[in-house]
Amino acid sequence: MTHTAAQYVVIGNPVAHSRSPFIHARFARQTGLALSYETRLAPLDGFADNVRAFILEGGRGANVTVPFKLDAFALAHEHTARALAAGAVNTLSFSDGRIAADNTDGAGLVADIEGNAGIRLAGKRVLLLGAGGAARGALLPLLDAAPRSLTIANRTAANAEALARQFAGQAAGRLQACALTALEGCFDVIVNATSASLNGEVPPLAPALFSSNTLALDMMYGAEPTAFMRLARLHGAAARDGCGMLVEQAAEAFFVWHGVRPATGAVLDELRAALGQAPASSS
Ligand code: NDP
């Protein structure tokens, strides 16, 4: 008897660069599940039609990446609480003609900080840089991890303040917002959720924000440490990139689809090697 592999994709534009097929193939091998996972390029003005066509082809689930996370939110019939909080979606599940939406990015971030970096967020002073989609997706999972305080700082202060107002109900007074240039004090964990690293830039951050006990995490990743990671290390902090978050959000999506939680450590090591990173570049 031949086994028909389940169909999973990551949909984006562009999408050829995505590492998700690499990660999900390793999770599938590790857990003994027979499935195919590929990249799928959707036209910029045709996300919904592309998803519907994929469902007719037998698609079971899709990860969604730039620029379609808002379109995925709009297309879905059902949303998890964390997808509703994020207002954006990176994981879709298809069954019985229904489209269910989730957002695993924030859970992936928290899993990387707590599981891979070994820093418990409970009681910590956390600084979140940026107020775009990635920051919004991270907020509820970060608050759920019970930090002492969570400060959102953004180039455009009004965007940070709007986010803080939106999440005030879940924050129990722990959430503040300000401009990057108005930041004061020192933080235990600093997460860079701005897109500055995409252009090799780094937000203007005072040295006093960092200490030797600070973990600085850039959501961006590549072969070399980002400018933000280099700045954090210059000021004595430990720094890691977004590779761990990427693998952990994929593991969470894998769990959503298959009900099995894959081990991530070896896959993260393999991904770093595939990206051409030096062995010690993540800490
Ligand atoms: P958005 O475009 O939604 O938001 C960009 C944010 O960055 C805004 O807050 C913007 O501020 C700020 N910003 C842009 N340029 C600068 C700069 N030069 N200096 C300071 N702030 C700046 O992007 P996303 O939120 O979707 O993505 C942010 C990053 O997160 C990307 O690098 C993306 O690759 C990464 N990411 C990584 C994931 C992973 O799994 N590792 C998952 C998801 C995202 P303003 O409001 O003032 O414009």
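Everything discussed here concerns the structure shown above.
Quick notes on the rules
- Residues numbered from 1 in each chain as written.
- Predicted model: local features only at pLDDT ≥ 70, side-chain atom pairs only at ≥ 80, totals over all residues.
- Heavy atoms only, no water.
- Helix = DSSP H or I, 4+ residues; strand = E, 2+ residues; numbered from the N terminus.
- Lys, Arg positive; Asp, Glu negative; His and termini not counted.
- Charge placed at Lys NZ, Arg CZ, Asp CG, Glu CD.
- Salt bridge = Lys/Arg side-chain N within 4 Å of Asp/Glu carboxyl O.
- Buried < 20%, exposed > 50% of the residue type's maximum accessible area, 1.4 Å probe, protein only.
- Pairing = 2+ DSSP bridges.
- Axes fitted to C-alpha atoms, helices over the stretch in contact; angles between N-to-C directions.
- Parallel < 35°, antiparallel > 145°, perpendicular 65-115°, else oblique.
- Left-handed = near helix turned anticlockwise from the far one by under 90°.
- Contact = heavy atoms within 4.5 Å.
- Nonpolar A, V, L, I, M, F, W, Y, C, P; charged D, E, K, R; others polar.
- Phe/Tyr/Trp six-rings, centres within 6.5 Å; stacked < 30°, edge-to-face > 60°.
- Lys NZ or Arg CZ within 6 Å of the ring centre and 35° of its normal.
- Arc of directions from axis to C-beta.

Engineer: Please explain the overall build of the chain as it appears in this structure.
Structural biologist: Counting its secondary structure elements, the chain contains 11 helices and 12 strands. Considering only C-alpha atoms, the chain reaches an extent of 65 × 40 × 30 Å along its principal axes. Taken together, the 22 basic and 23 acidic charged side chains of the chain have centroids lying 4 Å from each other.

Engineer: What should I look at first to understand the pattern of salt bridges in this one?
Structural biologist: One side chain can pair with another of opposite charge once the charged atoms of both are near each other. According to the stated counting rule, one finds 11 salt bridges in the structure shown. Between Arg82 and Asp102 there is a salt bridge, with the nearest N and O atoms lying 2.7 Å from each other. Taken together, the residues span a long stretch of sequence, with Arg82 in helix α4 (residues 81-86) and Asp102 in strand β6 (residues 98-102) at a distance of 20 residues. Note on Asp102: relative accessible area 6%, which makes it buried. With a closest N to O distance of 2.9 Å, Asp188 and Arg125 form a salt bridge. You can see Asp188 sitting in the loop between β9 (175-179) and β10 (189-192) and its partner Arg125 sitting in strand β7 (residues 125-129), a full 63 residues away along the chain. Relative accessible area serves as the criterion here: at 14%, Asp188 is assigned to the buried category. Given a relative accessible area of 28%, Arg125 falls into the partly exposed group. Residues joined by salt bridges that share partners form a network here, namely Arg82, Asp102, Glu252 and Arg261.

Engineer: Even after reading the chapter, I still don't get the pairing of strand β3 (residues 59-64), so can you show me in this structure?
Structural biologist: Two faces, one strand: in a regular strand the side chains alternate between the faces of the sheet. Burial analysis of β3 places 5 of its 6 residues in the buried class, which makes it a mostly covered element. As paired elements, β3 and strand β5 (residues 91-95) share 3 bridges and run antiparallel to each other. Following the sheet pairing, Asn63 is matched in β5 by Thr91.

Engineer: Is there a simple way to think about the packing of helix α5 (residues 105-116) against helix α6 (residues 133-144) in this case?
Structural biologist: Between two packed helices, the angle of one axis relative to the other and the distance separating the axes together describe the packing. Axis separation between α5 and α6 bottoms out at 7 Å; the angle between their running directions is 55°. Taken as axis vectors, α5 and α6 run oblique relative to one another. Crossing angle aside, the handedness with which α5 passes α6 is right-handed. Contacts from Gly106, Ala107, Leu109 and Val110 of α5 reach α6 at Gly137, Ala138, Pro141 and Leu142. Taken together, the residues of the contact of α5 with α6 sort by class into 6 nonpolar, 2 polar and no charged.

Engineer: Before we go on, may I ask you to explain the packing of aromatic side chains in this structure?
Structural biologist: In total, this model carries 5 aromatic pairs according to the counting rule given. On the numbers, 4.9 Å between centres and 40° between planes, the contact of Tyr8 with Trp257 is tilted. A residue pair is termed long-range when its members are at least 10 positions apart, and Tyr8 in strand β1 (residues 6-12) and Trp257 in helix α10 (residues 243-258) qualify at 249 residues. Each member of the pair, Tyr8 together with Trp257, is buried. Between Phe47 and Phe68 the ring centres are 5.0 Å apart and the planes differ by 25°, which places this aromatic pair in the stacked class. In this pair, Phe47 sits in helix α2 (residues 47-56) while Phe68 sits in the loop between β3 and α3 (69-75), placing the two residues 21 residues apart along the sequence. Owing to a relative accessible area of 1%, Phe68 belongs among the buried residues under this scheme. Within the aromatic cluster, the residues linked to one another by ring pairs are Tyr8, Tyr37 and Trp257. Its end group placed over the ring of Phe22, Arg26 keeps NZ or CZ at 3.7 Å from the ring centre. A cation sits over an aromatic face here: Arg261 above Phe255, 4.1 Å from the ring centre.

Engineer: How do you make sense of helix α7 (residues 157-166) when you look at a structure like this?
Structural biologist: When we look at burial in α7, the residues that qualify are Ala160, Leu163 and Ala164. Each buried residue of α7 lies within a common arc of 100° when the element is viewed along its axis, so the set occupies one face.

Engineer: Help me understand the packing of α10 against helix α11 (residues 265-274), please; the structure alone is not making it clear to me.
Structural biologist: At their nearest, the axes of α10 and α11 sit 10 Å apart, and the two run at 130° to each other. Here α11 runs oblique to α10, going by the angle between their axes. For α10 against α11, the interelement crossing comes out right-handed. Side by side, α10 and α11 meet where Cys243, Gly244, Leu246 and Val247 of the first sit next to Val267, Leu268, Leu271 and Arg272 of the second.

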